[in-house]
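# Notes for the structure review
In case you want the letters, here they are:
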Amino acid sequence: MYAQNPVFIPGPTNIPDPIRKACDIPTLDHRSPAFARLFQPAVAGVRRVLGMAEGEVILLPSTGTGGWEAAITNTLSPGDTVLAARHGMFSHRWIDLCQRHGLNVEILETPWGEGVPLQRIEAALRADPGGQIKAVLATHNETATGVRSDIGGLRRALDAAKHPALLLVDGVSSIGSMPFDMAAWGVDIAVAGSQKGFMLPAGLAILGVSPKALATMQTATLLRTFFDFRDMLKSYAAGGYPYTPAVGLIAGLARAVEMLEDEGLDAVYARHHRLAEGVRRAVAAWGMRPCAAAPVLFSDTVTAVLVPDGCNGTDLVKLAAEKYGVAFGVGLGEVAGKVFRIGHLGMLSDVMVLSGLATAEMCMADLGWPIKLGSGVAAAQEYYRGSTGALAIAAE
Ligand SMILES: *Cc1c(COP(=O)(O)O)cnc(C)c1O
């Protein structure tokens, strides 16, 4: 039998049919006015989703990882110091990428499950009156642990320390699903990818770049060619692109923003919160808890579930894929085996999430874990019945 179950990984996410169709366009000359007509709404839409008041949107044929690389190589020079907390696999990978580019990373080791440590960041910045630290890097939503950090609070820490460092933020698994306000938070570069909140296939790195970051690009000497914002902006000014763009994805991006805005960004964020809260009720009913150390840190896009002693989260993920054809996320790095992850972002409804919770329960029962079938599902059902959410089932 042919069946297509939703995925419950925190990216790539389920692709809505309208977006799939929007990506499917005939070959188009990217030097023609037709490309500009397609490109401009995508850029304008991203600007609104990121909450940008000024600066530029850069769309690169790449993924989130390429977005990290573009963010640092366009603003920094070899030997520059950057400050970053390591509290999960994604913050770790960005740090590793910086080190491989010859940057000096001042690492604040932070327990996995905690957020960006604002007080320690502020103290490190106060201890740097000469301004050696050129950038603070932060992972808004640590996808490995399901932890959301306070980027507005991070901006206040920089301001309190009166430090001029750039603020570079990885919003790959938050942007388009949880509130993000580049202008209010004074973010200098925000990095997103097409395959998470934007519900597209992988293939685009999506960046918002502030005027301050654009100014540093003139003096930054880290090597870059494919990712050089200067080439990109020169071509943009002429209505084009320095090389062949991913035209289908850009068409899909415009459609994705339209879908997010048709629902309403606030409604999108409220839906993600509701979906996440239902998952958390289920986790509690199983007698388990999220890896995120405190409720203020709970991510609305992914929950890393700490599994009982003697159980292995990776076993559940393997079984779900093999026996039921459903994808969950494995634990990564320090929390490998200790958690499994439920992605709840992008095109998902209450009913879809309930199917994922039911599948997870079947796997737990199969593996002999100490849970009662239906317990988590029932807790989520009670929550979804009682919480109001505008239901938008597309008929396209
Ligand atoms: C998925 C993800 C990335 C990496 O993005 P790719 O598109 O896989 O390169 C980076 N950061 C976070 C927080 C992510 O969730």
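As the structure is a prediction and not an experimental result, all values here were calculated from the model.

### Re the site of the ligand
Close to the ligand lie 13 residues; T63, T65, T143, D170 and K196 are nearest. T143 is positioned with one of its side-chain polar atoms (N or O) 2.5 Å from an oxygen atom of the ligand. At 2.7 Å from an oxygen atom of the ligand is found a side-chain nitrogen or oxygen belonging to K196. Alone, the ligand offers 380 Å² of accessible surface; in the complex the protein occludes 88% of this. Among the elements that take part in the shell around the ligand, helix 3 (residues 64-73) stands out by supplying three residues, more than any other. For the shell around the ligand, the per-class residue count stands at three nonpolar, eight polar and two charged.

### Notes on unusual backbone geometry
With an omega of -5 degrees, the peptide bond running from G11 to P12 counts as cis. Within the secondary structure, P12 sits in the segment before helix 1 (17-23). If you check the backbone angles, K162 has positive phi at about 50 degrees while not being a glycine. Positive phi, normally seen in glycine, also occurs at M199, with a value near 60 degrees. Within the fold, M199 resides in the loop between strand 8 (189-193) and strand 9 (204-209).

### Some thoughts on the packing of helix 11 (residues 265-285) against helix 14 (residues 375-386)
Following both chains from N to C, one finds helix 11 and helix 14 inclined at 145 degrees, their axes separated by 7 Å at the closest point. Classified by chirality, the crossing of helix 14 by helix 11 is right-handed. Residues R274, L275, E277, G278, V279, R281, A282 and A285 of helix 11 touch helix 14, and the partners they reach there are S375, G376, A379, A380, Y383 and Y384. Per-class residue counts for the contact of helix 11 with helix 14 are eight nonpolar, three polar and three charged.

### Considerations on the domain arrangement of the protein
Many structure descriptions define interface size as the accessible area lost when the parts assemble. Taken domain by domain, the protein consists of domain 1 (2-12 + 264-386) and domain 2 (17-261). Listed by partner, the interface residues are 28 residues for domain 1 and 28 residues for domain 2. Surface buried jointly by domain 1 and domain 2 totals about 2,300 Å² across both partners, of which 61% is contributed by carbon and sulfur atoms. Taken as a group, L265, Y269 and L297 account for 23% of the area that domain 1 buries against domain 2, more than any other trio of residues on that side. Across the pair R148 and D300 runs a salt bridge, and its minimum N-O distance is 3.3 Å. Here domain 1 is connected to domain 2 by eleven residue pairs in polar contact (both at pLDDT 80 or more).

Rules used throughout
Once a new chain begins, its residue numbering starts again from 1 and follows that chain's sequence as written. Restriction of local features to residues with pLDDT of at least 70 applies here, the model being predicted, together with a cutoff of 80 or more for giving and counting side-chain atom pairs; totals for whole chains, interfaces and linings are based on all residues. Each side-chain value is worked out from all heavy atoms of the structure, with water and hydrogens disregarded. In these notes, residues near a molecule or strand are those with any non-hydrogen atom within 4 Å of it. Throughout this description, a polar contact denotes any pair of N or O atoms lying within 3.5 Å of each other; where both atoms belong to protein, one of them has to be capable of donating a hydrogen while the other can accept it, and for residues adjacent in sequence the pair is counted only when both atoms sit in side chains. A 1.4 Å probe and the Shrake-Rupley method give the accessible areas. Residues count as covered only by the protein chains that appear here. Counting from the N terminus, the helices are DSSP H or I runs at least four residues long and the strands are E runs at least two residues long. As a working rule, the residues Ala, Val, Leu, Ile, Met, Phe, Trp, Tyr, Cys and Pro are called nonpolar, Asp, Glu, Lys and Arg charged, and the rest polar, with Gly in that last group. Axes here refer to lines fitted to C-alpha atoms; in helices the fit is confined to the stretch in contact. Angles between the N-to-C directions go from 0 to 180 degrees. The handedness criterion is simple: a crossing whose near helix is rotated anticlockwise from the far helix by less than a right angle is left-handed, and one whose near helix is rotated clockwise is right-handed. Contacts between residues were defined by any pair of non-hydrogen atoms, one from each residue, lying within 4.5 Å. Just so you know, the domain bounds were taken from an automatic or database domain assignment. Once two parts are put together, the accessible area they lose, assessed with a 1.4 Å probe and summed over both, is termed the buried area. A pairing counts as a salt bridge when a side-chain nitrogen of Lys or Arg comes within 4 Å of a carboxyl oxygen of Asp or Glu.

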